[in-house]
Amino acid sequence: MIDKIIFATGNEGKMKEIRLILEDLGVEILSLKDTGIAFDIEENGETFEENAVIKAKAVMQATGALVLADDSGLEIDYLHGEPGVYSARYLGEDTSYRIKNQNLIERLEGVPDEKRTARFVCVIAAAFPDGRVLTARGTIEGMIGYEERGKGGFGYDPIFWLPECGCSTAELTMEKKNELSHRGKALRAMKEEIKKLWKLEERKK
Ligand code: ITT
């Protein structure tokens, strides 16, 4: 029986959300930092799916553990899907989100509400020690706001406006964000797949 899962992410904001979503699996969830191994993974895929699989496989091969990975990003329709798979690297990996968010607000200056549509996308990949690979995708639709709002979440959350909530995703509690978010949807779907596989394996014993 598997007693731990390594989550192949170096993003602390993601990791907090992930721990809460996977809490009920009853196994230890280790981040890359927790493994103590230094990884330099080149995310050279062209899709969220490719990048999530690259990360999960690289860490599975180095550790022999069941590894999950998250590749996610923000797609802005008016900018033809930018920043998309380059969301973390947009304007440079080390540039603050203050600057990235302000820049996106400026690029949408004068653009009316109906053309400010955007979505967060998340693909979770699972790489099993026997070589099997699974992926699950989740999205959340919203709009690019006119200013940064809220202190919660991370990354582009302060400019991601949810009209039905009348707030940005940075103004939601982590529980509420997980309930609605791209990551929450993809990771809950993956959790169900993993539970099914574990049940099958238990039955075979
Ligand atoms: P790992 O590859 O180590 O997991 P990363 O931050 O480099 O961390 P990605 O390549 O998947 O991760 O880039 C995802 C970026 O998309 C992330 O850095 C944010 O800028 C943005 N993003 C994804 N999910 C988000 C969310 O829930 N809220 C705000 N921004 C998000």
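The following paragraphs examine the structure supplied in this document.

What counts and how
Residues numbered from 1 in each chain as written. Predicted model: local features only at pLDDT ≥ 70, side-chain atom pairs only at ≥ 80, totals over all residues. Heavy atoms only, no water. Near = heavy atom within 4 Å. Polar contact = N/O pair within 3.5 Å; in protein donor to acceptor, adjacent residues only side chain to side chain. Areas by Shrake-Rupley, 256 points an atom, 1.4 Å probe, with all protein chains shown as cover. Helix = DSSP H or I, 4+ residues; strand = E, 2+ residues; numbered from the N terminus. Nonpolar A, V, L, I, M, F, W, Y, C, P; charged D, E, K, R; others polar. Salt bridge = Lys/Arg side-chain N within 4 Å of Asp/Glu carboxyl O. Buried < 20%, exposed > 50% of the residue type's maximum accessible area, 1.4 Å probe, protein only. Pairing = 2+ DSSP bridges. Right-handed = clockwise from strand over helix to strand, strands pointing away. Contact = heavy atoms within 4.5 Å. Axes fitted to C-alpha atoms, helices over the stretch in contact; angles between N-to-C directions. Parallel < 35°, antiparallel > 145°, perpendicular 65-115°, else oblique. Left-handed = near helix turned anticlockwise from the far one by under 90°.

1. Observations concerning the site of the ligand
- The local shell around the ligand holds 22 residues, among which Thr9, Lys14, Lys55, Tyr97 and Lys177 are the closest.
- In this structure, an oxygen atom belonging to the ligand sits 3.2 Å away from a side-chain N or O atom of Asp71.
- For the ligand, whose accessible area on its own is 610 Å², the fraction buried by protein is 91%.
- Breaking the shell around the ligand down by element, the ones donating at least two residues are β3 (66-76) and α6 (182-204).
- At four residues, the largest contribution of residues to the shell around the ligand is made by β3.
- Residue composition of the shell around the ligand, by class: five nonpolar, eight polar and nine charged.

2. Quick look at the pattern of salt bridges
- This model, assessed by the stated rule, comprises 24 salt bridges.
- Of the charged contacts in the structure, one is a salt bridge between Glu17 and Lys177, with a shortest N-O distance of 2.7 Å. Of the two residues, Glu17 is situated in helix α1 (residues 12-22) and Lys177 in helix α5 (residues 174-180); the sequence distance between them amounts to 160 residues.
- The buried category is assigned to Lys177, whose relative accessible area is 4%.
- One salt bridge connects Glu171 with Arg149, and the closest N-O pair in it is separated by 3.4 Å. Of the two residues, Glu171 is situated in the loop between β8 (167-168) and α5 and Arg149 in the loop between β6 (133-144) and β7 (160-162); the sequence distance between them amounts to 22 residues.
- For Glu171, a relative accessible area of 34% corresponds to the partly exposed category.
- Each of the salt bridges in this network shares a partner with another, and the network as a whole consists of Lys14, Glu17, Asp70, Asp157, Lys177 and Arg183.

3. Considerations on the pairing of strand β1 (residues 4-7)
- In this structure, β1 lies alongside strand β2 (residues 28-31), joined through four bridges in parallel fashion. Looking at β2, one finds that Ile6 is bridged to Leu30.
- Chirality of the crossover, the property in question, places the unit of β1, α1 and β2 among those that are right-handed.
- Relative to β3, β1 is paired through three bridges, and the arrangement is parallel. What sits directly across from Phe7, in β3, is Leu68.

4. Concerning the side chain of Asn178
- Within the secondary structure layout, Asn178 lies in helix α5.
- Excluding its chain neighbours within four sequence positions, the residues that come into contact with Asn178 are Glu17, Leu20, Ile21, Gly184 and Arg188.

5. As for the pairing of β6
- Here strand β5 (residues 117-127) pairs with β6 via 11 bridges, running antiparallel. Its bridge partner lying in β6, Ala118 is registered against Gly142.
- Following β5, the chain reverses through five residues before pairing antiparallel with β6; Gly131 in that reversal takes a positive phi of roughly 100°.
- Bridge count between β6 and β7: two bridges; the pairing is antiparallel. What sits directly across from Ile144, in β7, is Phe160.

6. Quick notes on the environment of Pro163
- For Pro163, the location among the structural elements is in the loop between β7 and β8.
- Taking the relative accessible area as the measure of exposure, Pro163 reaches 45% and is therefore partly exposed.
- Sequence separation between Pro163 and Met143 is 20 residues, and the spatial gap between their C-alpha atoms is 7.5 Å.
- Not counting residues up to four positions away in its chain, the partners in contact with Pro163 are Gly142 and Met143.

7. Observations regarding the environment of Val59
- Residue placement: Val59 occurs in helix α3 (residues 48-63).
- Counting along the chain gives 30 residues from Val59 to Ile29, while the straight-line C-alpha distance between them is 14 Å.
- Discounting chain neighbours no more than four positions away, the residues touching Val59 are Ile6, Ala8, Leu32, Phe39, Ile41, Gly64 and Val67.

8. Quick notes on the packing of α1 against α6
- At their nearest, the axes of α1 and α6 sit 10 Å apart, and the two run at 45° to each other. Our classification of the angle between α1 and α6 gives oblique. For α1 against α6, the interelement crossing comes out right-handed. Of α6, the residues touching α1 (which contributes Lys14, Glu17, Ile18, Ile21 and Leu22) are Arg183, Gly184, Leu187, Arg188 and Lys191.
- Of the residues contributing to the contact of α1 with α6, the split by class is four nonpolar, one polar and five charged.

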